[in-house]
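Residues per chain are reported as follows:
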Amino acid sequence: ADDEVDSAYANMLAKLSKLDATDTDHLTLMFEYADWQWARGRFNESLETLEHAERIAKNNRLPSGQAIAADKRGVYHQHLDQRKLAIRCHKRAAKIARRSDLNNLLEILLNNLGEAHRHLEQWEDANRAFLEAEELAGKHDFDRSQPGPRRSGSGRLRFGRVNF
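A brief structural summary. (Residues numbered from 1 in each chain as written. Predicted model: local features only at pLDDT ≥ 70, side-chain atom pairs only at ≥ 80, totals over all residues. Heavy atoms only, no water.)

**Re the overall build of the protein chain**
- Of the regular secondary structure elements, the protein chain holds seven helices and three strands.
- Going from the N terminus to the C terminus, the protein chain shows its helices and strands as α-α-α-α-α-α-α-β-β-β.
- Here the protein chain holds 164 residues, and 43% of them are scored as buried.
- Accessible surface, the protein chain: about 9200 Å² in total, of which carbon and sulfur atoms supply 47%. (Helix = DSSP H or I, 4+ residues; strand = E, 2+ residues; numbered from the N terminus. Buried < 20%, exposed > 50% of the residue type's maximum accessible area, 1.4 Å probe, protein only. Areas by Shrake-Rupley, 256 points an atom, 1.4 Å probe, with all protein chains shown as cover.)

**Quick word on the side chain of His117**
- Relative to the elements of secondary structure, His117 occurs in helix 6 (residues 103-119).
- Leaving out residues up to four positions away in the same chain, His117 has contacts with Ile87, Lys91, Gln122, Asp125 and Ala126. (Contact = heavy atoms within 4.5 Å.)

**What about helix 3 (residues 43-59)?**
- Over its 17 residues, helix 3 extends 25 Å from the first C-alpha to the last, a length consistent with the 24 Å expected when each residue adds 1.5 Å.
- All buried positions along helix 3 are accounted for by Ser46, Leu47, Thr49, Leu50, Ala53, Glu54, Ile56 and Ala57.
- Following helix 3 by one or two positions, Arg61 has its phi on the positive side, about 55°. (Expected span 1.5 Å × (residues − 1).)

**Digging into the packing of aromatic side chains**
- Per the counting criterion, the structure on display carries three aromatic pairs.
- Considering the side-chain rings of Tyr33 and Trp36, the 6.0 Å spacing of their centres and the 10° angle between planes classify their relative orientation as stacked. Taken together, the residues span about one helical turn, with Tyr33 and Trp36 both in helix 2 (residues 23-39) at a distance of three residues.
- Site record: aromatic cluster; members linked through ring pairs are Trp38, Phe43 and Tyr76. (Phe/Tyr/Trp six-rings, centres within 6.5 Å; stacked < 30°, edge-to-face > 60°.)

**Here we look at the environment of Asp71**
- Tracing the sequence through the fold places Asp71 in helix 4 (residues 63-79).
- Look at Asp71 and you get buried, because its relative accessible area is 0%.
- Sequence-wise, Asp71 and His90 are 19 residues apart; in three dimensions their C-alpha atoms are separated by 5.1 Å.
- One polar contact links Asp71 to His90, side chain to side chain, over a distance of 2.6 Å. (Polar contact = N/O pair within 3.5 Å; in protein donor to acceptor, adjacent residues only side chain to side chain.)

**Regarding the nonpolar core**
- Counting 34 residues, the largest nonpolar core has Phe31 and Leu110 as the members making the most contacts within it.
- Mapped by element, the contributors of at least two residues to this core are helix 2, helix 3, helix 4, helix 5 (83-99), helix 6 and helix 7 (123-140).
- It is helix 2 that contributes the most residues to this core, seven residues altogether. (Core = buried A, V, L, I, M, F, W, Y, C linked by side-chain atoms within 4.5 Å.)

**Describing the environment of Glu45**
- Mapping Glu45 onto the fold places it in helix 3.
- With twelve residues separating them in the primary sequence, Glu45 and Tyr33 have C-alpha atoms 9.9 Å apart.

**Focus: helix 5**
- Across its 17 residues, helix 5 extends 24 Å between first and last C-alpha, which sits within 8% of the 24 Å expected from 1.5 Å per residue.
- Of all the positions in helix 5, only Arg83, Ala86, Ile87, Cys89, His90, Ala93, Ala94, Ile96 and Ala97 are classed as buried.
- Contacts from the buried residues of helix 5 go to helix 3, helix 4 and helix 6.
- In the segment just after helix 5, Asp101 is the residue with positive phi, at about 55°.

**What about the pattern of salt bridges?**
- Throughout the structure, instances matching the rule amount to nine salt bridges.
- Among the salt bridges present, the one from Lys72 reaches Asp35, with a minimum N-O distance of 3.0 Å. Pair noted here: Lys72 is in helix 4 and Asp35 is in helix 2, with a separation of 37 residues, a long-range link.
- Across the pair Glu45 and Arg42 runs a salt bridge whose closest N-O atoms are separated by 2.5 Å.
- Among the charged side chains, a salt-bridge network with shared partners connects Glu51, Glu54, Arg73 and Arg92. (Salt bridge = Lys/Arg side-chain N within 4 Å of Asp/Glu carboxyl O.)

And the structure:
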């Protein structure tokens, strides 16, 4: 069954290219596939899919997609108890969001960075990230004019069709 899903994923990406689908459609599919791989215990493959998604986003100048891909990798590294790798991914994601003025997204990324620092008992770094996230939350209250994730009715964040 896994081989069938892998094949379907490859076919879908090829069809999206032929249909002149948006780069966001490609990223959404890649995020969903990475989540599926992760759920199946295919952790390394999931991380590779997210690396590929990050490159696509970078090449197509989609900073929100690039930051989300990097951050999702950080979250996955946290689940694998690879906290130092997680911190690197979260920092890169936050840097991309800052550079692109994606404050809605930056708040989330900083919270994830703070969690990674907290798990390593790096209290000052964790506190700094959490305080900056809190400050951003008070400033923008999820400005709908900014690209990036949105809160759905359930309170979960969404990028395209992918919960984040």
